Amino acid sequence: MAPSRAMSQDNYPHIRWFRYSAPYINAHRGKTFVLVFGGEAACHANFANIIHDIALLNSLGVRLVLLHGARLQIDQRLAAAGAKTSFHDGIRVTDQATLAHVKDASGSLRSQIEALLSMGLPNSPMQGSSIRVCSGNFLTARPIGVVDGIDFQHTGRVRNVDAVGIRQNLEQGSIVLLSPLGYSPTGEIFSLALEDIAVHTAAAVAADKLILFGSRAGISDADGTLVRQCDLGRAQQLMNSCTDEEQRRLLGTARRTCTAGVPRCQIISYTEDVALLQELFTHDGCGTLVSSDAYEQARSATINDVGGILELIEPLEAEGVLVKRSRELLEAEIGYFRVLERDRRIIACAALYPFEQQSSGEVACVVTHPEYRGSDRGQRLLQELQSTALQMGLKQLFVLTTQTSHWFLEQGFAEATLDVIPAQKQEMYNLQRNSKVLVKSL
Ligand SMILES: CC(C)(COP(=O)(O)OP(=O)(O)OC[C@H]1O[C@@H](n2cnc3c(N)ncnc32)[C@H](O)[C@@H]1OP(=O)(O)O)[C@@H](O)C(=O)NCCC(=O)NCCS
């Protein structure tokens, strides 16, 4: 007899993970991601793993622009040479002598990254990968000039990004690698801030995501708790209350990039082996997402949400799409609900009723307000319920539905017979409704 899919998956967890990742692979294919890492990241022991994951993303059809900084390497070269540089307002003044070190540090680091991306050693994650890396004069710079009487000389700002040139290379499957140097139409070289390059490049190539690597898991609030998601207003608040320079810089770059039209910026750690793939291929991610969308918070429902949920579900109960729930029943079961809130209004909800003894859970009452349909909010809530179910150790989800079976089929459920659901639920099955039973293995 052929083994059941659940049994095979249990024996081969990586197969389960691969299947679980398929929707993310499809969602990311053909998208443009700009990845930004400073010089400290590039010399961290975990950088080789990041390079392997970059190679993997490239092979999955993600269009990648990599931006590297070199502050640490520049400082090291200046120190080794006993050279002194001055700063004004936290910005380095790049005189002719400093520029030589900036060019050396950037050029050397760029070559190292190109070499790492060219690896193809057998028995390594890079085996069989053949990556074309493309660097060049994509950034046009202008001098900062004289500020407060200080001439910044070869310290510049991004004047223009050759988005057409970058896109042409991305379309041919190359990875574009940019260093923190820009060239002016007068033929001079300017040292550029990585953050400035990140904002301008991500906006110019209309990136789908900007991914910023920092030394911590993401952004932490005043209590030290990791902020999973925030909108631009909250990002500004966090910046105002934060004293850590790196965190402020990351938040500031994410905010500016979102304001420039990039929908999502993700801040993750360069020290954690799994961070990049976890952020991109799991629902919960692992870092901080700064998003330009009006903030929609998904959270567990509380007793205060009963009114909002009733408003959402009553029209569907009247149509017979959902089974009628009284206010009292909803109050008693509110702990099973998750809601999506926007502007203090409940715009979507979904419930998970666990049957823990049978390792099973019922999904019910998945509703998006008609004005907010068309952006996969239902799917988002369902995925959250799935994560909760997995955390609870449940092995399958089931749903009873009369009119929405096709939507659930598209979410990976399959039609099943009544006997696959827990016995106590079978007893409550309403023959008159003649609902379809759909099941999804987790
Ligand atoms: C099912 C539901 C929650 C999905 O909401 P959503 O993800 O926020 O967004 P949408 O409504 O745009 O649905 C997403 C897709 O599913 C499709 N879809 C929605 N309801 C469907 C149904 N009953 N049968 C088949 N497909 C359906 C939509 O057409 C859309 O497809 P598209 O992207 O190709 O246009 C929402 O349509 C809803 O509230 N439906 C009424 C309540 C319901 O039936 N709930 C399930 C009972 S538990």
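Below is a summary of the structure that appears in this document. Throughout this document, residue positions are counted from 1 along each chain, in the order its sequence is written. Note on the predicted model: pLDDT of at least 70 is required for a residue's local features to be given, and 80 or more for side-chain atom pairs to be given and counted; whole-chain, interface and lining totals, by contrast, use all residues. Each side-chain value is derived from all of the structure's non-hydrogen atoms; neither hydrogens nor water enter the calculation.

## Here's the deal with the site of the ligand
In the neighbourhood of the ligand, 17 residues make up the surrounding shell, with Val-366, Thr-368, Gly-374, Gln-403 and Thr-404 lying closest. Separating an oxygen atom of the ligand from a backbone N or O atom of Gly-374 is a distance of 2.8 Å. Residues adjacent in sequence count toward polar contacts only when both atoms are side-chain atoms; beyond that, a polar contact is any pair of N or O atoms within 3.5 Å, and within protein one must be able to donate a hydrogen and the other to accept it. Between the ligand and Gln-403, the relevant distance is 3.0 Å, taken from a nitrogen atom to a main-chain nitrogen or oxygen of the residue. Here, Shrake-Rupley sampling with a 1.4 Å probe gives the accessible areas, and only protein chains in the shown set may cover a residue. Out of a free accessible area of 880 Å², the ligand has 68% covered by protein chains. Helix and strand definitions here come from DSSP, where helices need a minimum of 4 consecutive H or I residues and strands a minimum of 2 consecutive E residues; each element is numbered from the N-terminal end. Here the shell around the ligand gets four residues from one element, more than from any other, and that element is strand 22 (residues 360-368). Across the shell around the ligand, the residue classes break down as seven nonpolar, seven polar and three charged. Nearness is defined per residue: one heavy atom within 4 Å of the molecule or strand is enough. Under this grouping Gly is polar, as are all residues other than the nonpolar Ala, Val, Leu, Ile, Met, Phe, Trp, Tyr, Cys and Pro and the charged Asp, Glu, Lys and Arg.

## Let's talk about the sheet that holds strand 21 (residues 345-355)
Two strands pair under a simple rule: DSSP has to find at least two bridges between them. Taken in spatial order, the seven strands make up an open sheet running 19-20-21-22-23-25-24, and their pairing is mixed. Each edge of the open sheet is held by one strand with a lone partner, namely strand 19 (296-300) and strand 24 (414-416). Across the sheet, the mean angle from the axis of one strand to that of its neighbour is 30°, orientation sign disregarded. Both strand 24 and strand 25 (residues 436-441) contribute to a ladder of three bridges, which runs antiparallel. Residue Glu-415 lies in a different strand from strand 25, and its bridge partner there is Leu-438. In what follows, a contact means two residues having at least one pair of non-hydrogen atoms within 4.5 Å. Under this scheme, a helix contributes an axis fitted over its contacting stretch, all axes are lines through C-alpha atoms, and angles between N-to-C directions fall in the 0 to 180 degree range. Packing of helix 12 (residues 306-319) onto the sheet brings it into contact with strand 20 (337-342), strand 21 and strand 22, and relative to strand 21 it is tilted by some 85°. Strands strand 19, strand 20, strand 21, strand 22, strand 23 (396-401) and strand 25 of the sheet are contacted by helix 14 (residues 377-391), whose axis makes an angle of about 30° with strand 21.

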